[in-house]
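Observations on the model geometry
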Protein chains: 4
Amino acid sequence: MAKVLSYGMVGGGPGAFIGDAHRRSINIDGKAKLVAGAFSRSAEKSAEMAEILHLDPSRCYADYKQMAAKESEREDGIDFVVVVTPNVTHYDICRCFLEAGINVVCDKPVTISLDQAEELEKLAKEKDLLFMVTYTYTGHVTAKGIRQFIKNGTIGDVRVVMAEYPQGWLAKEGDTGGKQGEWRCDPKLSGGVNCLGDLGTHVENIVATMTGLKIKRVLAKLDKIVPGRILDDNDSVMVEFEGGATGLYWTSQVAMGSDNSLKVRIHGSKGTIRWEQEKCEEFTIIDEDGNIKILHRGYPGIPESAAKYDRLPAGHTEGWLESMSNLYSNYIDCVNAKLEGTFNENMIDYPTVSDGAEGLAFVEACLASSNNNNIWVDLGRR
Amino acid sequence: MAKVLSYGMVGGGPGAFIGDAHRRSINIDGKAKLVAGAFSRSAEKSAEMAEILHLDPSRCYADYKQMAAKESEREDGIDFVVVVTPNVTHYDICRCFLEAGINVVCDKPVTISLDQAEELEKLAKEKDLLFMVTYTYTGHVTAKGIRQFIKNGTIGDVRVVMAEYPQGWLAKEGDTGGKQGEWRCDPKLSGGVNCLGDLGTHVENIVATMTGLKIKRVLAKLDKIVPGRILDDNDSVMVEFEGGATGLYWTSQVAMGSDNSLKVRIHGSKGTIRWEQEKCEEFTIIDEDGNIKILHRGYPGIPESAAKYDRLPAGHTEGWLESMSNLYSNYIDCVNAKLEGTFNENMIDYPTVSDGAEGLAFVEACLASSNNNNIWVDLGRR
Amino acid sequence: MAKVLSYGMVGGGPGAFIGDAHRRSINIDGKAKLVAGAFSRSAEKSAEMAEILHLDPSRCYADYKQMAAKESEREDGIDFVVVVTPNVTHYDICRCFLEAGINVVCDKPVTISLDQAEELEKLAKEKDLLFMVTYTYTGHVTAKGIRQFIKNGTIGDVRVVMAEYPQGWLAKEGDTGGKQGEWRCDPKLSGGVNCLGDLGTHVENIVATMTGLKIKRVLAKLDKIVPGRILDDNDSVMVEFEGGATGLYWTSQVAMGSDNSLKVRIHGSKGTIRWEQEKCEEFTIIDEDGNIKILHRGYPGIPESAAKYDRLPAGHTEGWLESMSNLYSNYIDCVNAKLEGTFNENMIDYPTVSDGAEGLAFVEACLASSNNNNIWVDLGRR
Amino acid sequence: MAKVLSYGMVGGGPGAFIGDAHRRSINIDGKAKLVAGAFSRSAEKSAEMAEILHLDPSRCYADYKQMAAKESEREDGIDFVVVVTPNVTHYDICRCFLEAGINVVCDKPVTISLDQAEELEKLAKEKDLLFMVTYTYTGHVTAKGIRQFIKNGTIGDVRVVMAEYPQGWLAKEGDTGGKQGEWRCDPKLSGGVNCLGDLGTHVENIVATMTGLKIKRVLAKLDKIVPGRILDDNDSVMVEFEGGATGLYWTSQVAMGSDNSLKVRIHGSKGTIRWEQEKCEEFTIIDEDGNIKILHRGYPGIPESAAKYDRLPAGHTEGWLESMSNLYSNYIDCVNAKLEGTFNENMIDYPTVSDGAEGLAFVEACLASSNNNNIWVDLGRR
């Protein structure tokens, strides 16, 4: 019987959407239990959150450094930490926990520069710790199924990838995106990008995950559409993959009527696959004779590597929380296996810090392209 | 700060879909914690489940009677029990826990006869206990939104209700539906109906919940489509509501390609509302001039009585588990309020044992109609 | 090279939708040319229409009797007549042209009683004339494709047919449906039904055409929903087919937001087929393993007996006019073959007066059921 | 009463899809009649076509030059000619008929170079003749409705345009596109582009028509995806409009599963409009508060400038032929008005030779960009 792990959280104070969502996602399977936290830079708010969550007050910390120090000293210290703070703070916090020997889960983008991301990547390796970056959407059973089909050659060689992620929440002149928007739109706090860091990294990651392709170079145009915007709110990116496939990515925060419309269409030499996050319970496979087939999560045709994450039968809709739960489910299994000495790298089925670093490489190349008259920029990892 | 309640479960042993689903639904919010159970008629399997769930072995019971007795004696006994056993057993189990003074949640249909359901209804009232019947689909934010819109007069007087719930899992001659199918298709264990008890009661309940209408009489045709079927696997029901509205319900288990396709269309004197369970994140409102408007969960236009159940923003799909969580969230709040002496009936926003009894009244009237050349049968509650 | 036929029209004066639609449908292929007409009971309006249509004034007739007489005497008289007048007049007009030895096309319902329809059926046979009833929707390539798939056994034995045809144009209390509504809602002019005669006959015909099944008996409930309605505006019909399949039909004129939403779902022992008139360029086939496949008009998988009617490649949408054109295309080929002496019955791929009579048998049985407490009524043709 | 015009056709011999489609489109309204033709470079095939079409053999010409000469001499000569030959021949043929004083309709792209297009533009002006280029898709009622809504300010200032037109018919290595593919993929016969000339010009035109925006500059990447391709079969184009709006266009012939999937999404400062050619009977308008509204052709909300082209009520699907008919309907009215002396420029509601020239300017700028490392290229008309 697998042990129920303990975890702590940095960020996720009262009213914070993403911290709440992570906690619920972990709850669904009950494989780990929240026991510690530094939920806010305000000690008062942090304590308020701890009470709401029925936490032992002695494990509600004033700041993350104290938390890392204390928890690493405890016999029953946390098995991993979940970092859900503003992007600019990810690097310091993750570094701190890794140095304290604690496994890390961090929201995306993992840092605000490639250098930072690669340092964390190196550190996690040195410390032999497991580091997940929560690219939520790769957790969907259907996304995992697509990855397997492409790996199996179902659509032949990938040729043309169309991916987009429009939202509309920042479309009006007055829209600031609240507290989240504040740091997202401040160049210092965001690494010089807004929409691209938030949505573009999701697009980069899900395409990479589904297709297994590496980007060779990009040509990007980052637009500031709404008058007064300091950072990009609409991005177009031409992509060339190693091996010759081509791609076109679009992300936007000014597309009124779009909620969270991540969509991927992958055209290969033997077929096409189409997927939409907002209809995450199904996807479409077209074969080379043009036969259009729709597959639902829960159907016998879904590959086992994806289907094993099912919690409900077809037609009993799973959603965003479950996609996140799937990431955690595998991550916790891996941490558990480490504790029990049965872990090996092949067990990993979650996005790692290396995937996070790829995202930053993508962001920096796009930014360089956009700032240089939209020339092609290679996506070199150091 | 609201107390985290304790609950127990009867049924839901290893491999049982519905017990697992109830547990996950409760986990999402963390408002109650599973502490006791009689998960299977096999003591061995029950213990196995308790271990999987990391339960205190002393609160894993050999049978539900023992559980009701012991838990009602404990200072820290369970605050409510969740009954997820085969339908035929609901009555005895629920009665037992009510008599022990324990609040009850029971899967639908609440019993296999109207008499039984009305006895439980009476008993719960006498004992002043809270009794929820888990008609899952009424928990969807969109379903609750529709109820509010109709209450507000958005579509005027309801005139024509079209509701259907086709599935395809029992469409082949060989399909028995596994263990679940066994008791569902045995007349003694099911109250004389199969498809109607399973799916028809959902249809009856969601229409009643959305529209607030009471059924006056029904004319039903219960078919045994697949050769060899002993009970109905496809049902057509004409419905007349009090006040004059008309309805047509269809439920089926032999509709290949249908997963879990509960769908309701409500036509009023001033507009139409359309909703599909498998697209539970949205619904359509049409006004009297034919303007078609689509509303998503999370949009500002959703009434507060529904929107208050949101956990994620629009486009971050919620699904089946969340609809169940919504029922539990309110039920647990009500139980908590009872414990704290702040409860009143108006707080109830979950399907009660009375709604369960309505379902049985519907089933019995349909069965009587179908067995008598499809005449009209009144839906008299005792 | 096939001769271009000559045709005449009765009805279809200025502003009449259906006459205009018939003329355009015939024009698309250019296989027949309008040369004569009695377009209105008003000689003035009839002449006005003749001028609009650039007709020889000498072939614009004051009334249909004169037209039948004169045209049958001419060497170059019309090869067929198209009757697009109010339903109550169909019988007399069709009879008159048949007696004059002229082939007839008549809008549906062919008459307002089964007796009338069967007389016309008998007369056409005696006179050896071709009689088409324009059930438009069976002309769609996709509808013809479905018919062939079912004939080929693709979905096995038909078990459960769900068909519906809601419209919303008569949903408001003030809605009279204009001039058309006047005679449609007058019991004397309509044969005692409104919605059922207009929409129900389409449903009956398309199901019969697609499945090849004959209805054994019906149980019908004809509702007058909108206050003040004299005839039915919403109908529910339970259907039993010969051979044991079951069906449920719904037609309505009070479903706000529905334009012209004829929809058929046919569930068989080996699969399911779904079709919607408003998405007439595609249909869905589900096999017994639940695989969902979408077929578009123009795809290689469409059977030749349907595909031969294609005018445009897939994705170049064909619509309502083309479905009507397909009926005329085959009808005109048949008339031409008769003229050339090469005709045989197997060439007929259009709805005949016998199909029209089936429609009236359906209407009369439903009316008898609805007027007798919704009992089952057999669908006896004389 | 408007005169029925006479027209001739160059191209459109036996088996040619597009000539057939033009003839049917014109037939639907009966406003013009085909009386002359040079249907093929083969005199035999041309005669064969004339016979099929029941044409006077004396007006079936051996070549277009003879036709232009003879028809311009006749008292009853053609009122306009329809040119539906391979692109490379358009220039010479159109020039010949213009010089003969005959109005011209030409398929798109109007020529294979901007110089040629501008010469025709100039010549038509000098000769005071009407010249339509058949960009079919702008003829849809819904496309015209969108144009009017945007003109009215319904979505405010246009900010971001996403447009795409994928097809899949040339996705396989063996796919040559038949006879059409031959000249389309031959650089000499096509102006150096394949996919961009065929599909890209449609995208450029429909966006320009709907939004009224002029393109300032483009950055294009023309791909040859399928091994062995000589010309582009997949194109990505970044677009900057005068006034500052941004756009992203994608066209492809290698997207398996896409039939003819022209799709436009226009995001403005006050709302969004979405339209898909394959669902041409509807479009979606989203307002600045995120309200999603679906409008069908035939609804009262459609602006009169679009609705006046309706032939059938909502739900009675119109399609590709009708969109083409709408162009011809207006063109023929304009030619008629010219003949009657009542014409003025404001009557023109069809795509002109100037629109055709814009298309060539777009193509040439994209080609220059793609051939120069994807730099920005201005879209200068001479």
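Residues numbered from 1 in each chain as written. Chains lettered and ligands numbered in written order. Predicted model: local features only at pLDDT ≥ 70, side-chain atom pairs only at ≥ 80, totals over all residues. Heavy atoms only, no water.

Time to look at a positive patch on the surface. Where like charges cluster on the molecular surface, the positive patch consists of Lys 279 of chain A, Lys 279 of chain B, Lys 279 of chain C together with Lys 279 of chain D. Summarising the element assignment, Lys 279 of chain B is placed in the loop between β11 (271-276) and β12 (282-287). (Patch = residues over 30% accessible without salt bridge, like charges linked within 9 Å, V, L, I, M, F, W, Y side chains within 5 Å. Areas by Shrake-Rupley, 256 points an atom, 1.4 Å probe, with all protein chains shown as cover. Salt bridge = Lys/Arg side-chain N within 4 Å of Asp/Glu carboxyl O. Lys, Arg positive; Asp, Glu negative; His and termini not counted. Charge placed at Lys NZ, Arg CZ, Asp CG, Glu CD. Helix = DSSP H or I, 4+ residues; strand = E, 2+ residues; numbered from the N terminus.)

Residue and element names in this part refer to chain A. Both faces of strand β5 (residues 131-134) are covered, namely the face carrying Phe 131 and Val 133 and the face carrying Met 132 and Thr 134. Across four bridges, strand β4 (residues 103-107) lies against β5 in parallel orientation. Note that in β5 the partner of Val 104 across the bridge is Phe 131. Following the backbone out of β4, through helix α5 (residues 114-127) and into the adjacent parallel β5, one traces a crossover that is right-handed. (Buried < 20%, exposed > 50% of the residue type's maximum accessible area, 1.4 Å probe, protein only. Pairing = 2+ DSSP bridges. Right-handed = clockwise from strand over helix to strand, strands pointing away.)

Before going further, it helps to spend a moment on the relation of the copies chain D and chain A. By a simple turn and slide, chain D fits onto chain A: the slide is 0.0 Å along the axis, the RMSD is 0.0 Å, and the turn is 180°. These values place the two chain copies in the arrangement generated by a two-fold rotation axis. It is Ile 375 of chain D whose C-alpha, among those of chain D, lies nearest the rotation axis, at 3.7 Å. The overlap is high: 98% of the interface residues of chain D also sit at the interface in chain A, so the same surface is used on both sides. (Least-squares fit on C-alpha atoms with pLDDT ≥ 70 in both. Contact = heavy atoms within 4.5 Å.)

So, about the packing of aromatic side chains. Here the structure, examined in full by the defined rule, presents 32 aromatic pairs over all chains. Relative to Phe 283 of chain D, the ring of Phe 149 of chain D lies with its centre 6.0 Å away and its plane at 55°, an arrangement referred to as tilted. One end of the pair, Phe 149 of chain D, is in helix α6 (residues 141-151); the other, Phe 283 of chain D, is in strand β12 (residues 282-287), and 134 residues separate them in sequence. Of the residues examined, Phe 149 of chain D reaches a relative accessible area of 13% and is grouped as buried. By way of ring pairs, the aromatic residues Tyr 7, Phe 80, Tyr 328, Tyr 331 and Tyr 350 of chain A are connected into one cluster. The ring of Trp 376 of chain B carries the charged tip of Arg 217 of chain B above its face, separated from the ring centre by 4.2 Å. (Phe/Tyr/Trp six-rings, centres within 6.5 Å; stacked < 30°, edge-to-face > 60°. Lys NZ or Arg CZ within 6 Å of the ring centre and 35° of its normal.)

For chain A, mean pLDDT is 95; residues scoring 70 or higher make up 98% of the total. For this predicted complex, the interface confidence comes out at an ipTM of 0.96, alongside a pTM of 0.97. (pLDDT = per-residue confidence, 0-100.)

Turning our attention to the interface of chain C and chain D. Contacts between the two partners involve 34 residues from chain C and, on the opposite side, 34 residues from chain D. Run the count over chain C and chain D and you get two salt bridges. A salt bridge links Arg 24 of chain D to Asp 29 of chain C; the nearest nitrogen and oxygen atoms lie 2.3 Å apart. Viewed at the interface, chain D and chain C are joined by 17 residue pairs in polar contact (both at pLDDT 80 or more). Here the side of chain C that touches chain D takes six residues from helix α1 (residues 17-29) of chain C, the largest share from any one element. Of the residues assigned to the side of chain C that touches chain D, the class counts are 15 nonpolar, 11 polar and eight charged. (Polar contact = N/O pair within 3.5 Å; in protein donor to acceptor, adjacent residues only side chain to side chain. Nonpolar A, V, L, I, M, F, W, Y, C, P; charged D, E, K, R; others polar.)

With that settled, the discussion passes to helix α9 (residues 195-211) of chain C. Because each turn of an α-helix spans 3.6 residues, side chains separated by three or four positions in sequence point in the same direction. All names here are of chain C. When the terminal C-alpha atoms of α9 are compared, their 23 Å separation across 17 residues agrees well with the 24 Å that a helix rising 1.5 Å per residue should span. Among the 17 residues in α9, 15 count as buried, and that is most of the element. Looking one or two places after α9, you find Gly 212, whose phi comes out positive at around 75°. (Expected span 1.5 Å × (residues − 1).)

A few words on the side chain of Ser 261 of chain C. Residues and elements named next belong to chain C. Along the polypeptide, Ser 261 turns up in the loop between β9 (246-252) and β10 (263-268). Residue Ser 261 is classed as buried on the basis of its relative accessible area of 17%. In terms of polar contacts, Ser 261 uses its side chain to reach the side chain of Glu 278, at 3.2 Å. Setting aside residues no more than four positions away along its own chain, Ser 261 makes contact with Glu 164, Tyr 165, Pro 166 and Glu 278.

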